[in-house]
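# Summary of structural features
Here is how the chains run, residue by residue.
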Amino acid sequence: MTTAAPGPVRQEKLPARTEVEAVAPGVLRAQLHIEFPGLAHINTYLIEGPDGFDVIDPGLPGPASWNSLLERLASVSFPVERVRSIVITHSHPDHFGNAERLAEASGNAMIITHRAFRTMFDPLHVCVMGDDCDDPAHAHPDEGQAPFEAGRQFSSDMSVAAPWGKVWAPHNDDSTLRKSQTQILSERGWPFPQPKRRARHGEEIMLGGRSWEAVHTPGHTLDHLCLLDRENGTFISGDHVLPTITPHVAGIGAGKTALADFLSSLDKVAAIPDVTMVLPAHGLEFTDLPNRVREVKEHHQDRLELLARVSQAEGWVTVEGYSHFLFRPERWGSMAESETYAHLEYAVQVGDADIRMGANDQVEYQVHGSPILT
């Protein structure tokens, strides 16, 4: 009997480095420990300027992450009082968790997000496309990005009815673990971020005393924001483009056309000229952004073709049924079903799948042909 050789180690699963490293002109990387499926660290970026420094994605909520962040700052002689702004690339806890605590500790740091920023724990009102509203307390999505989940209500264990006919629970299918995550953010008093500036796509954001451009890249989340320093060719990609894995594209929480939005966002960033360094939220820096975009798109094309093969063999199949072909058994559950749903809905949207209500009030899909990414 032979044992299969282990697959390549994914960069995103490597333990957090303790040292703070220079990775681009004026940019340092501090890695903080996290424990998410497929992830073991998050990259917090520090941008030094003439009158202080700015922080990108300051890590998970909770004392351990907070103390690690303070240790990383101290190791490069960056006192918290010199933090000028905190940018959150998107509304996942490993990116926004320490933002409000850091802003309070600094005394005057500004939290910056995309206009559509809203956490699943946050009752903030989100205006949909067509609303004529200038209330700064509201989130205002960009044109064409109306969040269909704006009024969705979660239960106490953070579960919600899924549109494909099952119960969906974010991040973890263990209700006890989901409850503990919620407790960290609310019952234990870890404050939610309160953005002072909500940027639009293309707006200038001054970080480290120089101009960075806001690049809205919906798909992984509705509010995902990348940052571009055109002068130095530096692109902070958040979770949108990662070096060795593909980010989760959710059927819940990222809009009705999540996969189509994600693909469009990939094309948008691949077309940016003269990017010489990509700084992701997980994993190490890389240089060839167009090639990595091509690889990510090929991955999703393969998934769509697999759905077509499954349907050809099985006929009408539920979202859960398809997810068991797309994901390994240890990944089965709400997150796998959510991404499977996003792919199936994309197939329907491009005219390559049909949908019906099956038994037990579960939606079924039949994929015909092989949907081609547009």
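So, how was this worked out
Numbering of residues starts from 1 in each chain and follows the order in which that chain's sequence is written. Where totals are concerned, whole chains, interfaces and linings use all residues; where local detail is concerned, this predicted model gives features only for residues with pLDDT of at least 70, and gives and counts side-chain atom pairs only at 80 or more. Hydrogens and water are ignored here; the side-chain numbers use all heavy atoms of the structure. pLDDT is a residue-level measure of predictor confidence that goes from 0 to 100. For this analysis, residues touch if any pair of their heavy atoms sits within 4.5 Å. Only strands joined by at least two bridges in the DSSP assignment are considered to pair. Every helix listed is a DSSP run of H or I at least four residues long, and every strand listed is a run of E at least two residues long, numbered separately from the N terminus. For helices, the axis comes from a line fit to the C-alpha atoms of the stretch in contact; other axes are also lines fit to C-alpha atoms, and the angle between any two N-to-C directions lies between 0 and 180 degrees. Within this scheme, the nonpolar core is defined by two criteria: the residues are buried Ala, Val, Leu, Ile, Met, Phe, Trp, Tyr or Cys, and they are joined through side-chain atoms within 4.5 Å. Each residue is assigned to one of three classes by its accessible area relative to the maximum for its type, calculated with a 1.4 Å probe on protein chains only: buried under 20%, partly exposed between the two thresholds, exposed over 50%. Salt bridges, as used here, are contacts in which a Lys or Arg side-chain nitrogen is within 4 Å of a carboxyl oxygen on Asp or Glu. Counting of polar contacts relies on pairs of N or O atoms within 3.5 Å, with two restrictions inside protein: one atom must be capable of donating a hydrogen and the other of accepting it, and residues adjacent in sequence are counted only when both atoms are side-chain atoms. Here the expected length of a helix is defined as 1.5 Å per residue gap, with one fewer gap than residues.

The pLDDT averaged across the protein chain works out to 86; a share of 80% of its residues lies at or above 70. Contacts from residues 142-157, a stretch scored under 50 in pLDDT, to residues over four places away or in other chains number 40 contacts. In the model, residues 176-180 has pLDDT below 50 throughout and makes 10 contacts with residues more than four positions away in sequence or in other chains.

The sheet built from 7 strands is open, its strands ordered β1-β2-β3-β4-β5-β6-β9 with mixed pairing. Looking along the sheet, the strands with just one partner apiece sit at the ends: β1 (21-24) and β9 (197-199). Each strand axis lies, on average, 30° off the axis of its neighbour in the sheet, ignoring direction. Looking at chain direction, strand β3 (residues 39-49) and strand β4 (residues 52-56) are connected through 5 bridges and run antiparallel. Within β4, the residue paired with Glu-48 across the bridge is Phe-53. Contacts from helix α1 (residues 63-75) reach β2 (27-36), β3 and β4 within the one sheet, and its direction differs from that of β2 by about 160°. In the packing of helix α3 (residues 99-106) onto the sheet, the strands contacted are β4, β5 (83-87) and β6 (110-114), and the crossing angle to β5 comes to about 165°.

Read from one edge to the other, the open sheet built from 3 strands follows the order β15-β17-β16, with strand pairing classed as antiparallel. Strands with a single pairing partner mark the edges of an open sheet, and in this sheet they are β15 (317-318) and β16 (353-357). In this sheet, strand β17 (residues 363-367) lies alongside β16 in antiparallel orientation, the contact comprising 5 bridges. Across the sheet, the residue bridging to Ala-353 is Val-367, located in β17. Each of β15 and β17 touches helix α6 (residues 289-314); the most contacted strand, β17, lies at about 100° to it.

By size, the foremost hydrophobic cluster in this structure holds 42 residues, and its most contacted members are Phe-235, Val-269, Leu-289 and Tyr-322. Mapped onto this core, the elements with two or more residues apiece are β12 (225-229), α5 (258-270), α6, α7 (319-326), α8 (334-349) and β17. Looking at this core element by element, the count peaks at 7 residues for α6. Those residues in contact with Val-269 that lie beyond four places of it in its chain are Val-215, Thr-217, Phe-235, His-240, Val-241, Leu-289 and Val-293. In this structure, Leu-32, Trp-66, Ile-88 and Leu-242 belong to the second largest nonpolar core, which totals 29 residues.

A few words now on the pattern of salt bridges. Close approach of charged atoms allows side chains with opposite charge to pair. Enumeration over the complete set of coordinates arrives at 12 salt bridges. Taking the shortest distance from any N to any O, the salt bridge between Glu-21 and Arg-17 comes out at 2.8 Å. For Glu-21, a relative accessible area of 18% puts it in the buried group. A residue is classified by how much of its surface remains accessible, and Arg-17, at 30% relative accessible area, is partly exposed. Linking Asp-229 and Arg-210 is a salt bridge whose minimum nitrogen-to-oxygen distance equals 2.9 Å. Here Asp-229, found in strand β12, pairs with Arg-210, found in strand β11 (residues 210-216); they are 19 residues apart in sequence, far enough to count as distant. Three or more residues joined by partner-sharing salt bridges are found here, namely Arg-17, Glu-21, Arg-29 and Glu-285.

Once that is clear, we can look at the side chain of His-90. As for its placement among the helices and strands, His-90 is situated in the loop between β5 and α2 (93-96). According to the relative accessible area criterion, His-90 is buried, its value standing at 0%. For His-90, the side chain forms a polar contact with the side chain of Asp-239, separated by 3.2 Å. His-90 has contacts with His-95, Phe-96, Phe-117, His-220, Thr-221, Asp-223, His-224 and Asp-239, leaving out every residue within four places of it along the chain.

Let us look at α8. With 16 residues, α8 should cover 22 Å at 1.5 Å per step; its first-to-last C-alpha distance of 22 Å lies within 8% of that length. For α8, a buried count of 13 out of 16 residues is recorded, marking the element as mostly surrounded by other parts of the structure.

Here we come to α7. For α7, every residue scored as buried is listed here: Val-319, Gly-321, Tyr-322, Ser-323 and Leu-326. Contacts made by the buried residues of α7 are with α6, β15, α8 and β17.

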